[in-house]
Amino acid sequence: MSDLKIKVTDLKKSYGENHVLKGIDLNIGANEVVVIIGPSGSGKSTLLRCLNRLEEPTSGQIIVDNVDIGDPKADINRVRQDIGMVFQHFNLFNNLSVADNITLAPMELKGFNKAGAEAQAKKLLASVGLEDKFDAKVQSLSGGQKQRVAIARALAMKPDIMLFDEPTSALDPEMVGDVLEVMKDLAKEGMTMVVVTHEMGFAKEVADRVIFVDQGKILERGTPEEVFEHPKNERLQDFLNKVLNV
Amino acid sequence: MKKWLLKSLGLVVCLIGFIGFIKPAETAQAAEKTYTIGTDVTFPPFEFANDQNEYVGIDMDLIRAIAKDQGFKVQIKPLGFNAAVQALDSGQIDGVIAGMSITDERKAKFDFSKSYFQSGVVMAVAQNSKITKLSQLKGQRVAVKTGTAGADYANSIKAKYGFKVVTFDDSNNMYQDVTTGNSVACFEDSPVMQYGIKQGTKLKIVTEPAEKGDYGFAVKKGQNKELLAAFNTGLTNLRANGQYKKITEKYLGATNTKKTESRTFIGLIKQNGSALWDGFKETIWLTLVSIIFATIFGIIVGLLGVAPNKFSKGLSSTLIYIFRGMPLLVLALFIYTGVPSLTGNKIPAFVAGIITLTLNEGAYTAAFVKGGIEAVDNGQMEAARSLGLPYGKSMRKVILPQGIRIMVPSFINQFIITLKDTSILSVIGLLELTQTGKIIIARNLEGFKVWTIIALTYLVLITLLTWLSNWVQRRMNA
């Protein structure tokens, strides 16, 4: 494995009496694609959201690019610039056009001028197959198009890590393929990716490693082959039975 | 975050300070032999604003005539009765002439002149009424005005004569109740009643004055002795040369002098045009300044309420709770009369009015600003933050533009409410539309017509404000 990008040590998260994460240890290397699977409510989304501190961990340590992001002195806004995130419900800025969604952060944070930011936005839109939507209103896009714009928006900050939180769960089935294609391309280009998903096909094809989370713990980890073909944990076997034999 | 909080607090303080400069304080009078005399805002026939908006009435004509006779000058300050008495007590003015009865209680604090007028409570009935005696009131309904000697008198004898008392807030409504026949009689101070009849109220006085009382001119105890002496001498001179009689006749004379004021709608508007116009301007001015400050205050408090900081959230909720929970009328009176008695510094009515509206309307604004921001999907903030945008930038670029869209109808609504609420400030004596109406009615007793004019004026104003707001809203959505 190459350089370590993310190192999670004994991460715990609870909401009052509800212990969502009960001690997670996880290392993610550069250019690695890690897919997190598990039943609903298992804590996999919470784990992902802790990685850029959208959720405040209750205890434990998360180091991203050698920065301890739990440290009060850490500049979390700076760290987040290098961690792109894609949400289940896209969360495109409803008050802005497609172009402005993509150019906002680079212009505000990276000193891009309008022309530069727009040129970059056009390139990114082309890479997700939406070059004709540059001037479109967010409201006029389909779900699949919105999610691809959201990916372009995240990429505009040139992150070296991308977090995907169930990026296809809110899409109509015929839209899923387009989004997964874009994600596969990213993986091929060597992006470090952490993906929470129910798309087992994508996991098998693209993941370097698959992690099975249930009840706030990592119960099994390994290559897609190990996890899908030779699951050892009983709950994982159970889970795979349910999702693969529908 | 703390810096941001401090900045906002500083801004609020500056705003409140700034209001103080909007209306320059009246410059103090220091010329020799000029006395500052406090009086009531409106107490016809003793003091009231005429159709030229000049203060006239028995008290006013008398003090001016005495000043002329004795060779000094007066500056009249219509402060309102209670404020005038307080100002005299604290030495801010030299004397008070305000139809003030000479009582032992008041003598403890003030030195009074000789009685310049004797008043008493009389009973008045409708012109065609057969009632002439108190004993005829058995089982009947009698109208009084709250807080007057007439009300005290009626209540003290109602058991004896077996009548029921209904209470009204102003003379005009009380008279109306008798002329329409709901009540058979009313009790009122004799000069006030005489003046009302002179102004065309269709009532007649049927009893001799009871509970007689003397009105006196007052100075602070032990001070302004020469002023008091001059008043007494002047009064004696005026009584001797017939001027006193002329003045009282002018306001109380039994002859119903052919009304000089036209009583048609057009006539009333023409007569009171300049007073109405001044009131109109004051209302607009109050509304605009209040809207600006209330909006700024509301947005700041609303933003504090959504900031990720426990202290600012608590502060915001507390401010909203207090100022939304307090009736506007109580808040206005509290700030205008309560705060100065705590701090010792007088607040001009206009400033007190603006502060009142800013706090009250601002609290409502804060509540819907908070609600508007909270109505924006949480994912918008998360997406902005995940890109590395700091909280303030995410708020400005992403959340607020969406929140404001949600808030626009509430803003328009609040502007209209603010405009209407300026009318409540008439209680602290601001000469806005409503107070102007009250003063005009106190003079001519044309309640129905004047209130109709005032009501229509508010409707016109609100229509204009609504058009303006809708136009802005259309521009925003375009």
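One numbering rule holds for all chains: residues counted from 1, following each sequence as written. Numbering of ligands from 1 and lettering of chains from A proceed in the order in which they are written. Residues qualify for local features only when their pLDDT is at least 70, as the model is predicted, and side-chain atom pairs are given and counted only at 80 or more; totals for whole chains, interfaces and linings, by contrast, use all residues. Hydrogens and water molecules were not included; the side-chain quantities draw on all heavy atoms of the structure.

1. Observations regarding the interface of chain A and chain B
Note on contacts: a residue pair is in contact if any heavy atoms of the two residues lie within 4.5 Å. Counting residues at the interface gives 21 residues for chain A and 17 residues for chain B. Values labelled buried area give the accessible surface lost by two parts on being combined, using a 1.4 Å probe and summing over both. Taking both partners together, chain A and chain B bury about 1700 Å²; carbon and sulfur atoms supply 56% of that area. Considering only the surface of chain A that becomes buried against chain B, Phe93, Asn95 and Glu108 of chain A emerge as the three largest contributors, covering 29% of it. The term salt bridge refers to a side-chain nitrogen of Lys or Arg lying within 4 Å of a carboxyl oxygen of Asp or Glu. Taken together, chain A and chain B are joined by 3 salt bridges. We note a salt bridge from lysine 393 of chain B to glutamate 108 of chain A, for which the minimum N-O separation is 3.5 Å. Polar contacts here mean pairs of N or O atoms no more than 3.5 Å apart (in protein, one a potential hydrogen donor and the other a potential acceptor; neighbouring residues in sequence count only if both atoms are side-chain atoms). The interface formed by chain A and chain B contains 9 residue pairs in polar contact (both at pLDDT 80 or more). For the purposes of this entry, the term helix denotes a DSSP run of H or I that reaches at least four residues, the term strand denotes a run of E that reaches at least two, and both are numbered from the N terminus. Secondary structure elements with two or more residues in the side of chain A that touches chain B: helix 2 (76–81), strand 6 (83–86), helix 3 (98–109) and helix 5 (143–155) of chain A.

2. Details of the sheet that holds strand 7 (residues 161–165) of chain A
Residues and elements named next belong to chain A. Any two strands with at least two DSSP-identified bridges between them are counted as paired. Read from one edge of the open sheet, 6 strands run 6-7-8-3-9-10, paired in mixed fashion. Pairing within the sheet leaves two strands with one partner each, and these edge strands are strand 6 and strand 10 (217–222). Strand-to-strand, the axes of this sheet are offset by a mean angle of 15°, without reference to chain direction. Looking at chain direction, strand 3 (residues 33–37) and strand 9 (residues 209–214) are connected through 4 bridges and run parallel. Directly across from valine 35, in strand 9, lies its bridge partner valine 210. Between N-to-C directions, angles cover 0 to 180 degrees, with each direction set by a line fitted to C-alpha atoms, over the stretch in contact for helices. Most of the contacts of helix 6 (residues 173–188) go to strand 8 (residues 192–196), to which it runs at about 145°, and overall it touches strand 3, strand 7 and strand 8.

3. Details of the UniProt feature "transmembrane region" (unreviewed entry) in chain B
Residues and elements named next belong to chain B. UniProt positions are given in the numbering used here, feature names are shortened, and annotations may be inferred rather than shown by experiment. What UniProt calls "transmembrane region" (unreviewed entry) maps, in this numbering, to residues 284–307, 319–339 and 450–472. End C-alpha atoms of residues 284–307 are separated by 34 Å, and the span's content is 96% helix alongside 0% strand. In the segment residues 319–339, helix accounts for 90% and strand for 0%; the C-alpha atoms at its two ends are 18 Å apart.

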